[in-house]
Amino acid sequence: MSFKGEHILSVSQFDRDTIQHVFQIARNMQPYASRQKRTKVLEGAILGNLFFEPSTRTRVSFGCAFNLLGGEVRETTGMESSALSKGESLFDTARVISSYSDVIAMRHPQAGSVAEFALGSRVPVLNGGDGANEHPTQALLDLFTIERELASSGQSIDGMHIAMVGDLKFGRTVHSLSKLLKLYKNLRFTLISPKELAMPDDIVSAIENAGHQVNVTDVLEGNLNADIVYQTRIQEERFPSKTEANLYRGKFRLNQEIYTRYCKSNTVIMHPLPRDSRIEANELDNDLNLNPNLAIFRQADNGILVRMALFALTLGVEGIITNYECAVPWYSNKHSG
Ligand code: CP
């Protein structure tokens with residue numbers, strides 16, 4: 001089972017065995033992510049981190065993950081600061097950047113763009129989100145988080161009930177996560193969204209054809225009695241106008257009162273982040289911040305582990321990380337990751 005030299009473009013590249021292999025490598029990364037140990041296994045390697053759409057977590061955690069393995073990061077952010085804005089093709093950009101880099105992480109607003117870019121690349125390309133299509137590394141870290149959170153209460157992914165809430169039409173994280181979850185057994189999906197922002201039919205059919213139970217609804221209350229509630233943001237950037245996005249903003253808010261009334265006492269709350277905390281949206285209220293089942297920051301931390309694992313695997317160093325360990329001479333709180 002090797003990902004050496006492979007692009008990571010879609011969750012369809014993974015099955016349950018390869019997912020567990022990635023997760024085992026991710027768990028091995030914990031001492032490095034939490035600064036208990038340091039490794040220089042990727043010393044001399046360069047990550048081209050190309051983000052043509054806004055990002056905080058994915059961009060920075062790709063960069064940090066690469067640094068934590070000893071590599072260096074070169075970044076481009078925003079279409080306007082790239083020659084793509086002068087009409088350069090994705091193929092040409094890929095051809096050039098891939099001779100400057102050993103691996104590339106990329107986000108772009110168009111569905112299919114990262115796969116198109118990969119055709120011109122001579123090094124592995126990791127999809128950091130292509131339009132409303134896919135966000136495979138987010139789905140892997142989401143699944144890793146679900147597995148960890150459920151394990152802490154003696155549960156497994158097989159047989160679980162997940163409620164996905166919000167913009168299920170444009171939310172690429174729920175698209176990719178659903179495609180991974182359908183690999184498991186006997187799941188219940190409750191898909192809660194405005195009718196206009198429902199999960200695409202092809203994804204619902206794929207889940208049902210894999211033998212899972214699906215309930216589609218536009219009512220939040222009474223439908224949150226799940227093991228996992230995965231809240232999402234209205235993907236304003238995918239709407240024709242902000243006015244249109246405003247029609248749906250704030251429709252499905254989750255706060256402590258609703259949690260207490262409708263969720264199980266151990267329902268895990270997830271969100272890929274960013275949560276829209278503006279008053280007109282506030283889809284995941286700050287009053288949940290002290291709820292121990294709010295997993296959103298553990299989820300974001302897990303992004304470091306999973307992205308370190310993917311870099312190690314695509315560059316073929318997953319088995320030799322300990323050979324390149326060195327001391328951690330500075331003060332560190334040892335909580336990261
Ligand atoms: N979850 C996620 O993709 O966050 P960013 O947009 O901040 O990268």
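Residues numbered from 1 in each chain as written. Predicted model: local features only at pLDDT ≥ 70, side-chain atom pairs only at ≥ 80, totals over all residues. Heavy atoms only, no water.

With respect to the packing of aromatic side chains
Heads up, the rule is: Two rings from Phe, Tyr or Trp (for Trp, the six-membered ring) form a pair when their centres are within 6.5 Å of each other. A pair whose planes differ by under 30 degrees is stacked, one over 60 is edge-to-face, and the rest are tilted. Strands are runs of DSSP state E lasting at least two residues, helices are runs of H or I lasting at least four, and both sets are numbered from the N terminus onward. To sort residues, take the accessible area from a 1.4 Å probe on protein chains only and compare it with the maximum for the residue type: under 20% means buried, over 50% means exposed, and anything in between is partly exposed.
Considering all chains together, one arrives at 7 aromatic pairs under this definition. Look at Phe23 and Phe144: their rings are 5.1 Å apart centre to centre, the planes differ by 75°, and that puts the pair in the edge-to-face class. Of the two residues, Phe23 is situated in helix H1 (residues 16–28) and Phe144 in helix H6 (residues 136–151); the sequence distance between them amounts to 121 residues. For the pair shown, Phe23 and Phe144 are each scored as buried. Residues Phe51 and Phe62 carry aromatic rings whose centres are separated by 6.5 Å and whose planes lie at 55° to one another, so their mutual orientation is tilted. Linking Phe51 in strand E2 (residues 46–51) with Phe62 in helix H3 (residues 57–68), this pair joins segments that are 11 residues apart in sequence. Three or more aromatic residues joined by ring pairs form one cluster here, namely Phe51, Phe62, Phe66 and Phe311.

Considering the domain arrangement of the chain
So the rule is basically this: Those domain boundaries reflect an automatic or database domain assignment. We call two residues contacting when some pair of their heavy atoms lies within 4.5 Å. Buried area: the accessible surface (1.4 Å probe) lost by two parts on joining, summed over both. Any carboxyl oxygen of Asp or Glu that lies within 4 Å of a side-chain nitrogen of Lys or Arg is treated as forming a salt bridge with it. Throughout this description, a polar contact denotes any pair of N or O atoms lying within 3.5 Å of each other; where both atoms belong to protein, one of them has to be capable of donating a hydrogen while the other can accept it, and for residues adjacent in sequence the pair is counted only when both atoms sit in side chains. We call Asp, Glu, Lys and Arg charged. Ala, Val, Leu, Ile, Met, Phe, Trp, Tyr, Cys and Pro are nonpolar, and the rest, Gly among them, are polar.
Splitting the chain by domain gives domain 1 (11–135 + 302–336) and domain 2 (137–297). Between the C-alpha centres of domain 1 and domain 2 there is a distance of 25 Å. The interface is formed by 30 residues belonging to domain 1 together with 25 residues belonging to domain 2. Taking both sides of the interface into account, the surface hidden between domain 1 and domain 2 amounts to around 2500 Å²; carbon and sulfur atoms contribute 56%. Taken as a group, Arg16, His135 and Asn302 account for 27% of the area that domain 1 buries against domain 2, more than any other trio of residues on that side. Remark: the boundary between domain 1 and domain 2 carries 5 salt bridges. Residues Asp158 and Arg16 are paired through a salt bridge, measuring 3.0 Å at the closest nitrogen-oxygen approach. Summed over the shared surface of domain 1 and domain 2, the number is 14 residue pairs in polar contact (both at pLDDT 80 or more). Only H1, H3, strand E4 (103–108), strand E5 (125–130) and helix H11 (296–314) provide two or more residues apiece to the side of domain 1 that touches domain 2. Its residues assigned to classes, the side of domain 1 that touches domain 2 comprises 11 nonpolar, 10 polar and 9 charged.

So, the site of the ligand
Quick reminder of the rule: For this description, a residue counts as near a given molecule or strand if any of its non-hydrogen atoms is within 4 Å of it. Using a 1.4 Å probe, the Shrake-Rupley method yields the accessible areas, and only the shown protein chains count as cover for residues.
The local shell around the ligand consists of Ser55, Thr56, Arg57, Thr58, Arg107, His135, Gln138, Pro272, Leu273 and Pro274. Within the backbone of Thr56, a nitrogen or oxygen atom sits 2.8 Å from an oxygen atom of the ligand. Protein coverage of the free-state accessible area of the ligand, which is 250 Å², stands at 92%. When residues of the shell around the ligand are assigned to domains, at least three fall in each of domain 1 (11–135 + 302–336) and domain 2 (137–297).

Observations regarding the sheet that holds strand E9 (residues 228–231)
This is how it is decided: Pairing between strands is defined by DSSP: at least two bridges between the two strands are required. Helix axes are fitted only over the stretch in contact, all axes being lines through C-alpha atoms; the angle between N-to-C directions runs from 0 to 180 degrees.
In spatial order, the strands read E8-E7-E6-E9-E10; together these 5 strands make up an open sheet with parallel pairing. Edge strands, defined here as strands with exactly one partner in the open sheet, are strand E8 (213–217) and strand E10 (268–270). If you compare each strand with its neighbour and ignore which way they point, the axes differ by 15° on average. Examined bridge by bridge, strand E6 (residues 161–165) and E9 share 4 bridges and lie parallel to one another. Looking across to E9, one finds that Val165 is bridged to Gln231.

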